[in-house]
Amino acid sequence: MANASGALAQLNYVTEADWGVTPETPSMKKVRLTSESLAGAIEQIQSQEIRGDRMIAAVARGAVDVRGAFNYEFSYGAFDDYIAAALFGSWDTTSKTVTGNTLSFADSTKTIADSGSGLGDFEAGDVIKVSGSTSNDGYYTVATAGTGSLVVEESLVDESASATITIKCEFITAGTTVKAFTMEKWFSDISKGVVFTGCMVDTWNLEIRPNQMVTGSFAMSGKDQSFTTSALGTPTAAASYDPFEGSQNTIMIREGGSVIALVSSVSLSLSNNLGSVYALGSNSKADIPEGRSNLTGTISALFQDLDLLNKWLNKTPSSLDVRLPDPDGNQIRIYLPNIEFGGSTPQIPGEETIMLDMPFQALLGTTLGSQILISR
């Protein structure tokens with residue numbers, strides 16, 4: 001008899017149109033992961049009857065509680081659905097898009113100009129993709145933005161306006177739209193599986209450290225579980241780009257648009273504070289109500305001056321800007337427009353370099369209307 005092996009197991013998912021209901025013909029997708037702990041626990045309720053012989057009279061089957069997480073190495077495009085579910089938002093792929101033959105490029109000033117003045121929707125910090133040009137296709141980071149031109153941080157090649165060129169920025173912010181998945185844990189070597197319905201993202205964690213893959217986890221809360229001997233469908237593969245590596249990223253703390261600290265590592269944790277509601281007549285969850293979107297984290301920076309400590313002491317707001325490039329030229333930007341630091345007085349642990357470990361709370365950015373923006 002074959003035994004199930006983790007090396008041959010996989011986690012698949014499909015987005016639900018109605019919470020807790022698997023689509024009739026699900027188009028399954030694979031989850032890229034390093035490990036997972038998704039499971040359905042069923043509470044066993046013990047009778048309190050006194051029998052006179054010290055024995056337990058009975059046990060009853062209680063409620064199903066589907067919880068657990070999957071851990072991953074963060075890569076471009078592979079986790080877009082889960083990021084959207086964690087943020088209760090949707091990727092905007094159309095608002096910041098310009099196509100025309102009026103776009104030109106100047107390397108000396110790192111400027112993309114539009115004689116048609118159609119660049120007004122772009123903002124400083126946007127990660128943009130240029131396509132259709134003769135020599136400038138690729139990804140760029142906007143340093144300053146105006147209706148007629150964008151100044152980028154990267155080098156350009158001089159190019160006059162003639163070709164039909166598209167400039168695009170896809171992005172997402174936190175919202176209020178519930179997104180849920182049916183998730184299937186499939187053991188291919190024994191053709192057995194477990195199906196979890198109504199799975200929502202409770203927490204999203206991300207760890208960015210030097211000389212390591214960027215890693216993280218999505219912790220889930222689900223409605224119900226069932227066992228199966230028939231897979232829900234043949235899953236399509238997730239985007240296969242290499243994981244982001246921490247040493248290649250750029251992490252900046254800004255105040256008033258100026259960089260005041262370069263950070264060696266950062267951890268982010270977004271919690272949706274999901275609840276569980278049960279009703280009579282069923283042992284599965286009747287609802288998973290969402291709580292507040294609480295985004296916190298910690299940065300680690302070299303102790304070079306008092307800037308960060310004074311920001312903590314004086315309760316001065318800052319912004320956090322994380323840029324993650326991969327070897328294929330893809331880039332993700334994670335931007336927190338309004339953070340406030342916690343902290344403590346630095347300690348002397350010994351002769352090694354002193355680091356400032358600064359916890360922070362992300363708050364609403366009034367212009368953005370969210371505490372986080374992710375662009376790709």
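Residues numbered from 1 in each chain as written. Predicted model: local features only at pLDDT ≥ 70, side-chain atom pairs only at ≥ 80, totals over all residues. Heavy atoms only, no water.

**Here's the deal with the overall build of the chain**
Move 1: The helix and strand inventory of the chain stands at two helices and 24 strands.
Move 2: By principal-axis analysis of the C-alpha atoms, the chain measures approximately 90 × 55 × 40 Å.
Move 3: Within the chain, buried positions represent 41% of all 376 residues.
Move 4: Of the contacts formed within the chain by residues at least 6 apart in sequence, a portion of 70% connects residues at least 24 apart.
Move 5: One way to put it: in the chain the 24 positive side-chain charges average out to a point 6 Å from where the 42 negative ones average out. (Helix = DSSP H or I, 4+ residues; strand = E, 2+ residues; numbered from the N terminus. Buried < 20%, exposed > 50% of the residue type's maximum accessible area, 1.4 Å probe, protein only. Contact = heavy atoms within 4.5 Å. Lys, Arg positive; Asp, Glu negative; His and termini not counted. Charge placed at Lys NZ, Arg CZ, Asp CG, Glu CD.)

**A look at the nonpolar core**
Move 1: The biggest cluster of nonpolar side chains holds 58 residues, and the ones touching the most others in it are F74, Y82, M183, F218, I334, L336 and I374.
Move 2: For F218, the residues in contact, after removing those within four places along its chain, are G68, A69, F70, Y72, F79, Y82, I83, A86, V201, T203 and W204.
Move 3: In terms of nonpolar packing, the next biggest core, distinct from the first, is built from 16 residues, V98, F105, L156 and C169 among them. (Core = buried A, V, L, I, M, F, W, Y, C linked by side-chain atoms within 4.5 Å.)

**What to know about the side chain of K96**
Move 1: Along the chain, K96 turns up in strand β6 (residues 92-100).
Move 2: In contact with K96, other than residues within four places in its own chain, are D121, F122, E123, D126, I167, K168, C169 and F171.

**A closer look at unusual backbone geometry**
Move 1: Of note in this structure, R54 is not a glycine but carries a positive phi near 70°.
Move 2: Tracing the chain through its elements places R54 in the loop between β4 (39-46) and β5 (59-73).
Move 3: Take R54: its relative accessible area is 78%, and that puts it in the exposed class.
Move 4: Look at K110: it is not a glycine, yet its phi comes out positive at around 55°.

**Digging into the pattern of salt bridges**
Move 1: Tallying each qualifying case throughout the model produces 16 salt bridges.
Move 2: The residue K96 makes a salt bridge to D126 at a minimum N-O spacing of 3.0 Å. With K96 in strand β6 and D126 in the loop between β8 (111-114) and β9 (127-131), this residue pair connects regions lying 30 residues apart in the sequence. In this structure, K96 and D126 share a single accessibility class: buried.
Move 3: The shortest N-O distance in the salt bridge between R323 and E153 comes to 3.3 Å. Of this pair, R323 sits in strand β21 (residues 318-325) while E153 sits in the loop between β11 (149-152) and β12 (165-173), placing them 170 residues apart in sequence.
Move 4: For R323, a relative accessible area of 4% translates into the label buried.
Move 5: Owing to a relative accessible area of 36%, E153 belongs among the partly exposed residues under this scheme. (Salt bridge = Lys/Arg side-chain N within 4 Å of Asp/Glu carboxyl O.)

**Quick notes on empty space enclosed by the protein**
Move 1: Scanning all chains against the criterion turns up one cavity of 30 Å³ or more.
Move 2: Around the largest cavity, the lining residues are W204, L206, L268, L270, L295, I334 and I372.
Move 3: When contributions to the lining of the largest cavity are tallied by element, the ones reaching two or more residues are β14 (192-208) and β19 (265-271).
Move 4: Here the lining of the largest cavity is composed, by residue class, of seven nonpolar, no polar and no charged. (1 Å grid on protein atoms, 1.4 Å probe; cavity = no way out; pocket = protein on both sides within 12 Å on 5 of 7 lines; lining within 4 Å. Points joined across faces, edges and corners; volume = space filled by probe spheres on them. Nonpolar A, V, L, I, M, F, W, Y, C, P; charged D, E, K, R; others polar.)

**Some words on the pairing of β19**
Move 1: Within β19, six of the seven residues are buried, leaving the element largely enclosed by the surrounding structure.
Move 2: Sheet topology note: the β14/β19 ladder contains six bridges and is antiparallel. By the bridge assignment, L206 is partnered in β19 with L268.
Move 3: When β19 meets strand β20 (residues 294-302), the two strands line up antiparallel, connected through seven bridges. Counterpart to L268 in the pairing with β20 is G297. (Pairing = 2+ DSSP bridges.)

**As for the pairing of β5**
Move 1: Of the pairings in the sheet, the one linking strand β3 (residues 35-36) to β5 comprises two bridges and is antiparallel in character. Bridging from a neighbouring strand, E36 pairs with F70 of β5.
Move 2: Pairing of β4 with β5 involves seven bridges; the strand directions are antiparallel. By the bridge assignment, Q44 is partnered in β5 with R61.
Move 3: As judged from the eight bridges shared by β5 and strand β15 (residues 215-222), these two strands associate in the antiparallel manner. Bridge pairing in β15 links Y72 to G216.

**A few points about the packing of aromatic side chains**
Move 1: Under the criterion given, the structure shown has 16 aromatic pairs.
Move 2: Between Y76 and Y241, the aromatic rings sit 5.7 Å apart at their centres with planes inclined by 75°, giving edge-to-face as the arrangement. Note that Y76 is positioned in the loop between β5 and α1 (80-87) and Y241 in the loop between β16 (224-228) and β17 (250-255), a separation of 165 residues in sequence.
Move 3: On the basis of relative accessibility, which here comes to 31%, the residue Y241 falls in the partly exposed class. (Phe/Tyr/Trp six-rings, centres within 6.5 Å; stacked < 30°, edge-to-face > 60°.)

**Notes on the environment of S104**
Move 1: Inspection of the secondary structure puts S104 in strand β7 (residues 103-106).
Move 2: Put simply, S104 and V157 are 53 residues apart on the chain and 9.7 Å apart in space, counted from C-alpha to C-alpha.
Move 3: Not counting chain neighbours up to four residues away, the residues in contact with S104 comprise T111, I112, A113, E159, S160 and A161.

**Structural notes on the side chain of D326**
Move 1: Considering the arrangement of structural elements, one finds D326 in the loop between β21 and β22 (331-341).
Move 2: For the buried D326, which has no salt bridge, the nearest side chain bearing the opposite charge is R32, at an N-O separation of 8.3 Å.
Move 3: There is a polar contact of 2.9 Å between the side chain of D326 and the backbone nitrogen of D328. (Polar contact = N/O pair within 3.5 Å; in protein donor to acceptor, adjacent residues only side chain to side chain.)

Bear in mind that shape data such as this cannot, by itself, settle questions of function.
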